[in-house]
Amino acid sequence: MGERLTENDVKKIQEEIMYRKLVVRKNAIEAVKEARAQGDLSENFEYYAAKKDKNQNEGRIRYLERMLKNAEIVTEQSNADEVGMNNTVELYFEEDDEVQTFKLVTSIRGNSLKGYISIESPIGKAILGHKVGERVEVKVREDYSYYVEIRSIENTDDSGDSIRKF
């Protein structure tokens, strides 16, 4: 099974692939040609740097294409009162006696520093589909789990604008 992506994620990846093929690839090939024209390749640092940049771009294109080929498309739709994709959720952590806010996203968009948690993470898997007021067990490993309570769910669109709050 590959990455779990939304239609919006697929669109962004396709845009990056096209940009890399049409713009970055062209610039990288030109840089290699210019460096090669400088003469002796055995001591030509610019040539090796340009070649490395070109190869990194090609590797990124292959990686993204493979990701799309193996991707599982997930829907951003969920019931209005349930935790779903792109919802901002306020959780009460019983163990720490604190409240934290997270946005539930696909794994490629996950960024804990921004408060984005993946639907593939233990907490993302645990709260997905649950409702406000529910106490949910987050199983981290076989011998360790903790509980969170869902305090609120805010439905947001891709721009981050609030649509509905529960």
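Presented here is an overview of the structure given in this document. (Residues numbered from 1 in each chain as written. Predicted model: local features only at pLDDT ≥ 70, side-chain atom pairs only at ≥ 80, totals over all residues. Heavy atoms only, no water.)

**A look at the overall build of the protein chain**
Logical step 1: A tally of regular secondary structure across the protein chain gives 3 helices and 8 strands.
Logical step 2: Seen in sequence order, the protein chain has helices and strands lined up from the N terminus as β-α-α-β-β-β-β-α-β-β-β.
Logical step 3: Its C-alpha atoms give the protein chain a radius of gyration of 22 Å, clearly above 15 Å, the size a compact globule of 166 residues would have.
Logical step 4: Within the protein chain, buried positions represent 33% of all 166 residues.
Logical step 5: Within the protein chain, contacts between residues at least 6 apart in sequence are counted, and of these 48% link residues at least 24 apart.
Logical step 6: When the accessible surface of the protein chain is totalled, it reaches about 10,400 Å², and 47% of it is carbon and sulfur. (Helix = DSSP H or I, 4+ residues; strand = E, 2+ residues; numbered from the N terminus. Rg over C-alpha atoms; globule rule 2.2 N^0.38 Å. Buried < 20%, exposed > 50% of the residue type's maximum accessible area, 1.4 Å probe, protein only. Contact = heavy atoms within 4.5 Å. Areas by Shrake-Rupley, 256 points an atom, 1.4 Å probe, with all protein chains shown as cover.)

**Quick notes on a negative patch on the surface**
Logical step 1: Together, E95, D96, D97 and E98 make up a region of like negative charge exposed at the surface.
Logical step 2: In this structure, E98 sits in strand β4 (residues 98–105). (Patch = residues over 30% accessible without salt bridge, like charges linked within 9 Å, V, L, I, M, F, W, Y side chains within 5 Å. Salt bridge = Lys/Arg side-chain N within 4 Å of Asp/Glu carboxyl O. Lys, Arg positive; Asp, Glu negative; His and termini not counted. Charge placed at Lys NZ, Arg CZ, Asp CG, Glu CD.)

**Focus on unusual backbone geometry**
Logical step 1: Even without being a glycine, N86 presents a positive backbone phi close to 65 degrees.
Logical step 2: Within the fold, N86 resides in the loop between β2 (72–73) and β3 (87–93).
Logical step 3: Although it is not a glycine, D97 adopts a positive phi angle of roughly 50 degrees.
Logical step 4: Using a relative accessible area of 56% as the deciding quantity, one classes D97 as exposed.

**Quick look at the side chain of N87**
Logical step 1: Counting through the fold element by element, N87 comes out in strand β3.
Logical step 2: Within the structure, N87 has its side chain in polar contact with the backbone nitrogen of G84 (distance 2.6 Å). (Polar contact = N/O pair within 3.5 Å; in protein donor to acceptor, adjacent residues only side chain to side chain.)

**Some remarks on the nonpolar core**
In a soluble, globular protein the nonpolar side chains are often hidden away together inside.
Logical step 1: Among the nonpolar cores identified, the biggest contains 19 residues, and V83, L91, F93, I123, I127, V148 and I150 are the most heavily contacted of them.
Logical step 2: Only β3, β4, α3 (122–127), β6 (135–141) and β7 (144–156) provide two or more residues apiece to this core.
Logical step 3: For this core, the element with the most residues is β7, which contributes 4 residues.
Logical step 4: Leave out the neighbours within four places in its chain, and I123 touches L91, F93, F102, I117, V138, Y146 and V148.
Logical step 5: With 7 residues, the next largest nonpolar core counts V10, I17, I61 and M67 among its residues. (Core = buried A, V, L, I, M, F, W, Y, C linked by side-chain atoms within 4.5 Å.)

**Some thoughts on the pairing of β4**
When a strand is regular, its side chains alternate between the sheet's two faces.
Logical step 1: Of the strand pairs in this sheet, β3 and β4 are connected by 6 bridges, and their pairing is antiparallel. Bridged to E90 within β4 is T101.
Logical step 2: The hairpin turn running from β3 into β4, its antiparallel successor, is 4 residues long, and D97 in that turn takes a positive phi close to 50 degrees.
Logical step 3: The sheet contact formed by β4 and strand β5 (residues 116–118) spans 3 bridges and is parallel. By the bridge assignment for β5, L104 is matched with I117. (Pairing = 2+ DSSP bridges.)

**Concerning the packing of aromatic side chains**
Logical step 1: All told, the structure shown has 4 aromatic pairs when counted by the stated rule.
Logical step 2: Measuring from centroid to centroid gives 6.2 Å for F93 and F102, while their planes differ by 75 degrees, and the two rings are edge-to-face.
Logical step 3: Residue classification places F93 among the buried residues on the basis of a relative accessible area of 8%.
Logical step 4: Measuring from centroid to centroid gives 6.2 Å for Y144 and Y146, while their planes differ by 45 degrees, and the two rings are tilted.
Logical step 5: Given a relative accessible area of 16%, Y146 falls into the buried group.
Logical step 6: Among the aromatic residues, ring-to-ring pairing joins F93, F102, Y144 and Y146 into one connected group.
Logical step 7: In this structure, R135 packs its charged tip against the face of Y147, placed 3.9 Å from the ring centre. (Phe/Tyr/Trp six-rings, centres within 6.5 Å; stacked < 30°, edge-to-face > 60°. Lys NZ or Arg CZ within 6 Å of the ring centre and 35° of its normal.)

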